Amino acid sequence: MSEIKKIAVMTAGGDCPGLNAVIRAVVKTAITKYNLEVVGIKSGYKGLYHADFMPLTEENTSGILHLGGTILHSSNKDNLFKYPFEENGKTVYKDVSDVAVKNLKDNGIDAMVIIGGDGTLTSARDYARKGVKVVGVPKTIDNDLAITDYTFGFDTAVGIASEAIDRLHTTAASHDRIMVLEVMGRYAGWIALAAGIAGGADAILIPEIPYDINKVAEKLKERRKKGKDFSIVVVAEGAKSVTGEMVVLKVIENSPDPIRLGGVGQKVAEELEELVGLEARATTLGHIQRGGTPSSYDRILSTRYGCAAVDLLMDGIYGQMVALINNKMSYVPLEDVIGNNKNVDPSCEFVKVAKNIGISFGD
Ligand code: F6P
């Protein structure tokens, strides 16, 4: 018999489609299979610090499977191991993680399911090190968490980006233009690569393969020679040229990863306009990739993750992240996941397939 009677679930970091589906699966599994009490922690680690908890029941988690966002809200700024305070006009950082441990104890919470990406799961690992019973669930549209085949949210983001490419195709063809689509993904090119293949891009630029803009231009000029006076270029926000750096949009203080990337799409469009001699326009897809209804694939994956996370806790297996490995539900130590992000291998099958069908990576 497990000692666990009451669990908490938290969503933290950037939101992504499928968060509510995980919450729902956790609650349903916890209540129907194990007769547990469940609470939600509001607004990520901030809610853990302020003991901002809400009861989760089958009633208040009903009808949320298809909803984007998170009913628990999220925050990507509150690292309780390095929490900012204003003192004498200066920001000082303190470790307030014990406040959270006390809040859990005072509220009779025996274990936590923490749904998040690298930053969020780093704190989950640190709580596991402190002896808190924790299981992580891999969330991010970027698909950059180690070991798991897929994070939930990625499939939806790729679907949205692919549809955007379809729409750019018709306007590109009508105006004989180069259309550049900048997609998210942080330091990994998974969204650009998958959406570029699905959408039939002519060039895909990703962080893992630094591009030479002249080579991309050559590819588009070749298309012109063959009578195609329009082209589609998909650029990951973290893409960089062989001689340049990633383009930083802004720096967010107090975020586990303060760098926000953005702007490379516009840069690439301007350079290609000049080199190819065709008008170019850039579209930045932005947070549209993170909003709205999750795909069926993500709803199923989120549900599998939510069920598996509760099963792990009840089996007494803590400090782990549920993971999809060769399409089987499994788990791996959080220690092996953190700081070990999964990037696109330039020699992987996806890149080979793209190259085989003539997509340029500018290399
Ligand atoms: O990690 C998810 C993600 O959407 C990245 O793709 C993107 O770089 C970043 O978060 C944007 O963060 P924010 O929502 O703080 O602008």
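As shown above, the structure is provided for reference.
Conventions used here
Residues numbered from 1 in each chain as written. Predicted model: local features only at pLDDT ≥ 70, side-chain atom pairs only at ≥ 80, totals over all residues. Heavy atoms only, no water. Helix = DSSP H or I, 4+ residues; strand = E, 2+ residues; numbered from the N terminus. Rg over C-alpha atoms; globule rule 2.2 N^0.38 Å. Buried < 20%, exposed > 50% of the residue type's maximum accessible area, 1.4 Å probe, protein only. Contact = heavy atoms within 4.5 Å. Areas by Shrake-Rupley, 256 points an atom, 1.4 Å probe, with all protein chains shown as cover. Lys, Arg positive; Asp, Glu negative; His and termini not counted. Charge placed at Lys NZ, Arg CZ, Asp CG, Glu CD. Pairing = 2+ DSSP bridges. Axes fitted to C-alpha atoms, helices over the stretch in contact; angles between N-to-C directions. Parallel < 35°, antiparallel > 145°, perpendicular 65-115°, else oblique. Left-handed = near helix turned anticlockwise from the far one by under 90°. Nonpolar A, V, L, I, M, F, W, Y, C, P; charged D, E, K, R; others polar. Phe/Tyr/Trp six-rings, centres within 6.5 Å; stacked < 30°, edge-to-face > 60°. Lys NZ or Arg CZ within 6 Å of the ring centre and 35° of its normal. 1 Å grid on protein atoms, 1.4 Å probe; cavity = no way out; pocket = protein on both sides within 12 Å on 5 of 7 lines; lining within 4 Å. Points joined across faces, edges and corners; volume = space filled by probe spheres on them. Salt bridge = Lys/Arg side-chain N within 4 Å of Asp/Glu carboxyl O. Near = heavy atom within 4 Å. Polar contact = N/O pair within 3.5 Å; in protein donor to acceptor, adjacent residues only side chain to side chain. Sits in = over half its atoms within 2 Å of the grid points.

**Brief notes about the overall build of the chain**
The number of helices and strands found in the chain is eleven helices and 15 strands. Over its C-alpha trace the chain gives a radius of gyration of 22 Å, about what one expects of a compact globule, namely 21 Å for 363 residues. Expressed as a percentage of the 363 residues in the chain, the buried residues total 52%. Long-range pairs, those at least 24 residues apart, make up 72% of the contacts in the chain with a sequence separation of at least 6. Taken as a whole, the chain presents about 15500 Å² of accessible surface, with 49% of it coming from carbon and sulfur. Distance from the positive charge centre (41 side chains) to the negative charge centre (46 side chains) of the chain: 1 Å.

**A look at unusual backbone geometry**
Of note, the phi angle at Ser-43 is positive, near 55 degrees, even though the residue is not glycine. Here Ser-43 shows up in the loop between strand S2 (37–41) and helix H2 (45–49). Here Arg-186, not a glycine, exhibits a phi torsion of approximately 55 degrees, which is positive. The residue Arg-186 is located in the loop between strand S8 (178–183) and helix H6 (190–199) in this model.

**Focus: the sheet that holds strand S7 (residues 134–138)**
Pairing is mixed in the open sheet, where seven strands are placed in the order S3-S2-S1-S6-S7-S14-S15. The sheet is open, and its two borders are formed by strand S3 (53–56) and strand S15 (328–333), each paired with just one other strand. Shown here is a sheet whose adjacent strand axes are inclined to one another by a mean of 30 degrees, direction ignored. Taken together, the two bridges between S7 and strand S14 (residues 320–325) define a ladder with parallel strand orientation. Of the residues in S14, the one forming a bridge with Gly-136 is Met-321.

**Focus on the packing of helix H7 (residues 213–225) against helix H8 (residues 264–276)**
Axis separation between H7 and H8 bottoms out at 10 Å; the angle between their running directions is 55 degrees. Taken as axis vectors, H7 and H8 run oblique relative to one another. Every pair of crossing elements has a handedness; the one defined by H7 and H8 is right-handed. Where H7 abuts H8, its residues Ile-213, Asn-214, Val-216, Ala-217, Leu-220, Lys-221 and Arg-224 lie against Val-268, Glu-271, Leu-272, Leu-275 and Val-276. Among the residues forming the contact of H7 with H8, the class breakdown is eight nonpolar, one polar and three charged.

**Examining the packing of aromatic side chains**
For any two aromatic rings, the description comes down to two numbers: the centre-to-centre distance and the angle of the planes. Scanning the entire structure with this criterion turns up seven aromatic pairs. For the cation-ring pair, Lys-82 lies above Tyr-93, with the distance from its terminal atom to the ring centre recorded as 5.1 Å. One Lys or Arg, Lys-94, reaches over the ring of Phe-85 and ends 5.4 Å from the middle of that ring.

**Here's the deal with the layout of surface pockets**
Taken as a whole, the largest pocket holds about 990 Å³ of empty space. Taken together, 44 residues make up the lining of the largest pocket; nearest its centre are Asn-76, Asp-142, Arg-186, Asp-257 and Arg-260. Among the secondary structure elements, those contributing two or more residues to the lining of the largest pocket are helix H4 (118–129), S8 and strand S12 (259–261). If you tally residues by element for the lining of the largest pocket, the top one is H4, at five residues. Taken together, the residues of the lining of the largest pocket break down into twelve nonpolar, 19 polar and 13 charged.

**Notes on the pattern of salt bridges**
Side-chain pairs of opposite charge can arise where the charged atoms are in close proximity. Enumeration over the complete set of coordinates arrives at 21 salt bridges. Residue Arg-290 is joined to Asp-15 by a salt bridge in which the shortest nitrogen-to-oxygen separation is 3.0 Å. Highlighted residues: Arg-290 in the loop between strand S13 (280–284) and helix H9 (296–314) and Asp-15 in the loop between strand S1 (6–11) and helix H1 (19–33), separated in sequence by 275 residues. A single salt-bridge network, built from bridges that share partners, covers Arg-125, Asp-126, Arg-129 and Glu-335.

**Considerations on the site of the ligand**
Close contacts around the ligand come from Asn-76, Thr-140, Ile-141, Asp-142, Met-184, Gly-185, Arg-186, Glu-237, Arg-260, His-287 and Arg-290, and that covers them all. Between the ligand and the protein, one listed contact pairs an oxygen atom with a backbone N or O atom of Gly-185 at 3.1 Å. Within the side chain of Glu-237, one N or O atom sits 2.5 Å away from an oxygen atom of the ligand. Starting from 390 Å² of accessible surface for the ligand in isolation, the protein chains cover 83%. The cavity where the ligand resides is the largest pocket. Residue composition of the shell around the ligand, by class: two nonpolar, four polar and five charged.

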